[in-house]
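Given next are the chains, with one letter for each unit.
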Amino acid sequence: MALVRLLMLSLIPAWVFGSQPAQGSGLAPGTPHPTSDAASLDTGSLSFPWSRLRLPRYIIPLHYDLRLHPNLTTLSFAGSVQIQIHVKNNTNWVVLHSKGLEISKAMVLDENLAHLSDQVLPVLHNPGHEQAAIFSPRVLMGGQKYFLYIEFGAALAEGFYGFYRSSYKTRAGQTRTLASTHFEPTSARMAFPCFDEPSFKANYSISIRRTPKHIALSNMPVEKTVKLNADLLEDHFAVSVKMSTYLVAFVICDFKSVTATTSSGVQVSIYAAREKWEQTHYALEVAVKMMDFYEKYFNIYYPLPKQDLVAIPDFQSGAMENWGLTTYRETSLLYDPRTSSAQDKLWVTMVIGHELAHQWFGNLVTMQWWNDIWLNEGFARYMEYISVEATYPELRVEDYLLDTCFAALGRDSLNSSRSISSPAESPVQIKEMFDTVSYDKGACVLHMLRHFLKDEVFQSGIVRYLRKYSYSNACNQDLWESLANTCSEEDFTSGKHCYTSNQAAKNMYLFAGEHLNLTAMMNTWTLQKGVPLVTVYREGSRLVLRQERFLKTVLPSDPLWATLQQGYLWQIPLTYKTGTSGTIHRHILGTHTDSVHVGEEVDWVKVNTDMSGYYLVHYEGGGWDDLSKLLRENHTALSYKDRTHLIHDSFQLVTAGKLSLDKALDLMGYLQTETHSVPLLRGLGYLEYFYRMLEKRNEHDLTLKLRKYILHFFRDVINRQTWSDGGAESEHHLRSEVISMACNLGHPPSLEQAKQRFKDWLDSNGTLSLPTDVAEAVYSVGAQDERGWASLFHTYSVSLSETHKSKILSALTHSKDVNKLNSLLDLGLEGHVIRSQELSSLIIMVARNPQGHHLAWNYVKKNWARLVQKFQLGSFCIRNIIIGTTGQFSSPEELAEMQLFFKSIKEEEAELTVTQVALDNVQKNVLWMQRNLGTLRRWLDKHVN
């Protein structure tokens, strides 16, 4: 049906079209049918009754009875849904979501399942808003319940959203097909007509037809299976708990599982393709441990009888938290000890921790609307660290939280950033909310809050939040009020939650002797964008404090500075240590300027202890010199987190034009005596980043000098590395990064070692297993010649380990042969040998190669329409492609070329905010080069013989 004219909702009286008396239902089991002589209503005079992106609130879904018959041969599905609805106001219209579905029949029945009309009801569509409207000639009365019955069908989707098809190959080369779902945020409407917004929670009864050789999985366990004929079975799943549409899920496949039970009796199963079944056992161990941990931590039993974790061959994101049926990319769930590295193991553990945290944060309590998606994702990202630290302390997950916060600060220091809680209406805008701000900044703000409140208060507050809003929706304010509520345990366990909004608004926390309104404090972190810079300097016995918004692309001398600073003020829970005391001092900085007493005898002050706060620090006067001296003379006086934080902040201040590059490089000089991997890798990362940018600018002399400096400066670290898999988790990570760096920079002993190991691997016909920490570095060196590249490509095409394949694919993109890089991109776009899910990562890896730098960007421009069609506008893949291919551009010419391309796609660009992020990022690089290239050249002349 063609799109019809949009009007605001209008109630059309039944008598306009003539109502018909209700007919008996004449139902097949659970399925209503109209009378055989039903006549169609004339739809010519009907206009679509709703003009807004969000659905009207006058109809509330209560229960879905969903029946589906996916056909894995024809790659299509048919289905019916009967939705029990509660009508709040008189109306003739039911407006709900539908995208790409062919609706063949729509009916409305009363509470007794009697037809309200014997005519086929008109269904109008508004594809632009992904909505359908069903007209009932008989008025639906406010306060009454009805049943909406719809029959529909569609092809199984290509891509990664909705009800989509996937496939895999067996070791014998047979292709097996499966069907899976991914609905978050707005794609349940691609699988069945529904009220596809998070606040429309309902219960679900789901039935799925399948062949005997397949299994069907959904949110709940199978209650019964009905044999329809020799070739067709129908699984009936138990009625679900009340949940949002985006959490509904089903998978039809021929997978094999491994199962265990938690201490509270929840059945946990890991599903994967049969030939990868042996890679499921570690995930099962993790999932059971995590479920036990979360039940204790949240003090709320998991409310479903089972939890399935399924490895899907085609999956765009890392994983999805569907309630009771979490789905994963294979690299996020499967662990093969022979080919998976320590980093791969940590990744699997963290992703499972993330998705299982969602079973409470997100599933049990859901954000009211997508503007607060951080309540789901920020919490789940932070709970990764809390849960893994508690269950697998040997993995040293806390070492990675700093990197999460550094990533958030990097995005937040651009003017194109956004507040944690931001408006989002359209599906594209909603998809873009799943970004660094929601995940990483959300996690780091929660980390700051936890340290501010202390662990026990933080934990009891979130338990209170989860209990109060179970099976319903919440917003920012609800969380702050739950955390600010300091009731007694007796009141809390009585079920009253000892909670009133007035009490919460008045409640004040005592912090460093100062009263603070928690809600007011946290609003400064979630309702305004950006990150504060705290500048400190000594004035006698006092430490003077000043806060401002930190920006990398605008200087105080720029005309825009005052405008971009206006109105920005944070309530910062400041912490600091001094050279005369091991005590952590606390202070609330809630004004633009302030001061604290530290004493005249103090020789140094370190602000933001262990980087528990989400802010940067600049030490004016001699502050940076004092800390550089401390690091040179006694770096262990500061924790490894403080040392890493100083390195990070110094280089961020260089980028913002507030600190000279030579001071930051001098501060990092102490790393020759550093033994902890986290500050070492942070310092190494900055030098490598500068090297990559210079390399791509054809600054040959400067690039050679910087390479010589890096290899000389880190020679002891390089020489300490073994080419094996032994040691603690931190040693694994350092080994992998340092050996890769040494090989990439042409370190002769490392190259010789890598070449010999690759030769041994080749001579063994791939039967030799390389140490997993160094495998990628060895493969990257081996990929430089024709025979090596061809052997790796063959291994990639037949390997059954996705983590192994990812290492090989990375190595293949290191080739200096432009034709080979082009062929990889073409294969990724085609999606057979290299799956489409790898394409965004593949493009970024090619872009990191100096030979592929502009090749990747040109490929994106040429194939933009196909990429958007494959991944959907606003998806994280599209965002990663844009940021990843341009991230190391650093010239005005490259910036101008980007602007020209974004103008050429102005229709899509108008919906995307990521294009401005990319432009800001390159503008930052351009300014860095203009401000620092000369300083770097002079500094290297001084330090490199």
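Remember, predicted model here, so these are calculated numbers, not experimental data.

A. Spotlight on unusual backbone geometry. Between Glu 184 and the following residue, Pro 185, the backbone shows a cis peptide bond with an omega angle of 0°. Position of Pro 185 among the secondary structure elements: in the loop between β9 (175-182) and β10 (203-210). Not every positive phi belongs to a glycine, and Asn 608 is a case in point at roughly 70°. Summarising the element assignment, Asn 608 is placed in the loop between β29 (605-607) and β30 (616-619). Note on Asn 608: relative accessible area 0%, which makes it buried.

B. Layout of the nonpolar core. Ranked by internal contacts, the top residues of the largest apolar core, which has 249 residues, are Phe 192, Ile 352 and Phe 714. Of all the elements, helix α1 (residues 281-298) adds the most residues to this core, at 12 residues. With residues near it in sequence (within four places) discarded, Ile 352 still touches Ala 283, Val 286, Ala 287, Met 290, Leu 309, Tyr 328 and Leu 333. Listed in part, the 62 residues of the second largest apolar core include Ala 775, Leu 827, Met 845 and Val 926.

C. Representation of the pairing of strand β19 (residues 325-329) within the structure. Most of β19 sits out of view: five of its five residues are buried. Where burial is concerned, the two faces of β19 agree: the one with Leu 325, Thr 327 and Arg 329 and the one with Thr 326 and Tyr 328 are both buried. Here two bridges tie strand β18 (residues 319-320) to β19, and the two strands are oriented antiparallel to one another. If you follow Met 320 over to β19, its bridge partner there is Thr 327.

D. Fine view of the pattern of salt bridges. By the definition in use, this model includes 44 salt bridges. Of the charged contacts, one joins Asp 399 and Arg 396 as a salt bridge, the two residues approaching to 3.2 Å between their closest N and O atoms. By relative accessible area, Asp 399 is classed as buried at 5%. Taking relative accessible area as the criterion, Arg 396 reaches 29% and is therefore assigned partly exposed.

E. Region of the structure containing the environment of Val 914. Tracing the backbone shows Val 914 in helix α31 (residues 914-943). In sequence terms Val 914 and Ile 882 are 32 residues apart; their C-alpha atoms lie 7.6 Å from each other. Non-local contacts of Val 914, meaning those with residues more than four positions away in its chain, are made with Glu 432, Arg 879, Ile 882 and Ile 883.

F. Representation of the packing of aromatic side chains. Scanning all chains against the criterion turns up 49 aromatic pairs. Between Tyr 709 and Phe 713, the ring centres sit 5.4 Å apart and the planes meet at 25°, which makes this aromatic pair stacked. Placement of both Tyr 709 and Phe 713 in helix α17 (residues 700-713) is noted, with a separation of four residues, approximately one turn of the helix. One exposure class covers both Tyr 709 and Phe 713, and it is buried. Note on Trp 789 and Phe 793: the rings are 5.6 Å apart at their centroids and 5° apart in plane angle, and the pair reads as stacked. Of this pair, Trp 789 and Phe 793 both sit in helix α22 (residues 786-798), separated by four residues, roughly a single helical turn. The class for Trp 789 is buried, based on a relative accessible area of 9%. Under the relative-accessibility criterion, Phe 793 is labelled partly exposed at 22%. A network of ring pairs unites the aromatic residues Phe 293, Tyr 294, Tyr 297, Phe 298, Tyr 302, Trp 360, Phe 361, Phe 379, Tyr 382, Phe 458, Tyr 465 and Tyr 469 as a single cluster. Over the face of the ring belonging to Trp 277 we find Lys 256, whose NZ or CZ atom lies 4.1 Å from the ring centre. Between the NZ or CZ atom of Lys 805 and the centre of the ring of Tyr 796, over which it lies, the distance is 4.8 Å.

G. Expanded view of the sheet that holds strand β12 (residues 222-229). Spatially, seven strands are ordered β4-β7-β2-β1-β10-β13-β12 in an open sheet, and the strand pairing comes out mixed. Because the sheet does not close on itself, it has two edges, and the strands there are β4 (102-109) and β12. Taken over all neighbouring pairs, the strand axes of this sheet differ in orientation by 15° on average, direction set aside. With seven bridges joining them, β4 and strand β7 (residues 145-155) adopt antiparallel strand pairing. Residue pairing in the sheet places Ile 103 in a bridge with Phe 152 of β7.

H. Structural view of helix α19 (residues 729-744). For α19, with 16 residues, the first-to-last C-alpha span of 23 Å sits near the 22 Å given by 1.5 Å per residue. Where α19 is buried, its residues touch α2 (342-358), α16 (677-696), α17, α18 (715-720), α20 (748-763) and α21 (775-782). Downstream of α19 by one or two residues, Gly 746 has phi in the positive range, about 75°.

I. Just the pairing of β7, in detail. Of all 11 residues making up β7, nine are buried, and the element is well covered by its neighbours. Sheet topology places strand β2 (residues 76-87) next to β7; 11 bridges connect them, and they run antiparallel. Pairing of Gln 84 across the sheet is with Phe 147, part of β7.

J. Representation of the confidence of the model for the chain within the structure. Per-residue confidence for the chain gives a mean pLDDT of 91; residues scoring 70 or more make up 92%. Note on residues 1-40: pLDDT under 50 across the span, and 102 contacts to partners over four residues away in sequence or across chains. A low-confidence stretch, residues 488-509 stays under pLDDT 50, and its non-local contacts, those more than four residues away or across chains, total 46 contacts.

K. Structural context of the side chain of Thr 609. As for its placement among the helices and strands, Thr 609 is situated in the loop between β29 and β30. What Thr 609 contacts, discounting residues up to four positions off in sequence, is Thr 575, Tyr 576, Lys 577, Ile 584 and Asp 642.

L. Focus on the state of the cysteines. Under the criterion given, the structure shown has one disulfide. Put simply, Cys 405 and Cys 444 are joined by a disulfide, and their sulfur atoms are 2.1 Å apart. Because the torsion about its S-S bond is -105°, the bridge between Cys 405 and Cys 444 counts as left-handed. In this pair, Cys 405 sits in helix α4 (residues 401-412) while Cys 444 sits in helix α6 (residues 436-453), placing the two residues 39 residues apart along the sequence. Residue Cys 444 is classed as buried on the basis of its relative accessible area, which comes to 2%.

M. Focus on the side chain of Arg 329. Locating Arg 329 in the fold gives a position in strand β19. Among the polar contacts listed, one links the side chain of Arg 329 to the backbone oxygen of Phe 315, at a separation of 3.0 Å. With residues near it in sequence (within four places) discarded, Arg 329 still touches Ile 312, Phe 315, Gln 316, Ser 317, Gly 318, Gln 837 and Glu 838.

Reading guide: rules and limits
Residues numbered from 1 in each chain as written. Predicted model: local features only at pLDDT ≥ 70, side-chain atom pairs only at ≥ 80, totals over all residues. Heavy atoms only, no water. Helix = DSSP H or I, 4+ residues; strand = E, 2+ residues; numbered from the N terminus. Buried < 20%, exposed > 50% of the residue type's maximum accessible area, 1.4 Å probe, protein only. Core = buried A, V, L, I, M, F, W, Y, C linked by side-chain atoms within 4.5 Å. Contact = heavy atoms within 4.5 Å. Pairing = 2+ DSSP bridges. Salt bridge = Lys/Arg side-chain N within 4 Å of Asp/Glu carboxyl O. Phe/Tyr/Trp six-rings, centres within 6.5 Å; stacked < 30°, edge-to-face > 60°. Lys NZ or Arg CZ within 6 Å of the ring centre and 35° of its normal. Axes fitted to C-alpha atoms, helices over the stretch in contact; angles between N-to-C directions. Expected span 1.5 Å × (residues − 1). pLDDT = per-residue confidence, 0-100. Disulfide = S-S within 2.5 Å. Polar contact = N/O pair within 3.5 Å; in protein donor to acceptor, adjacent residues only side chain to side chain.

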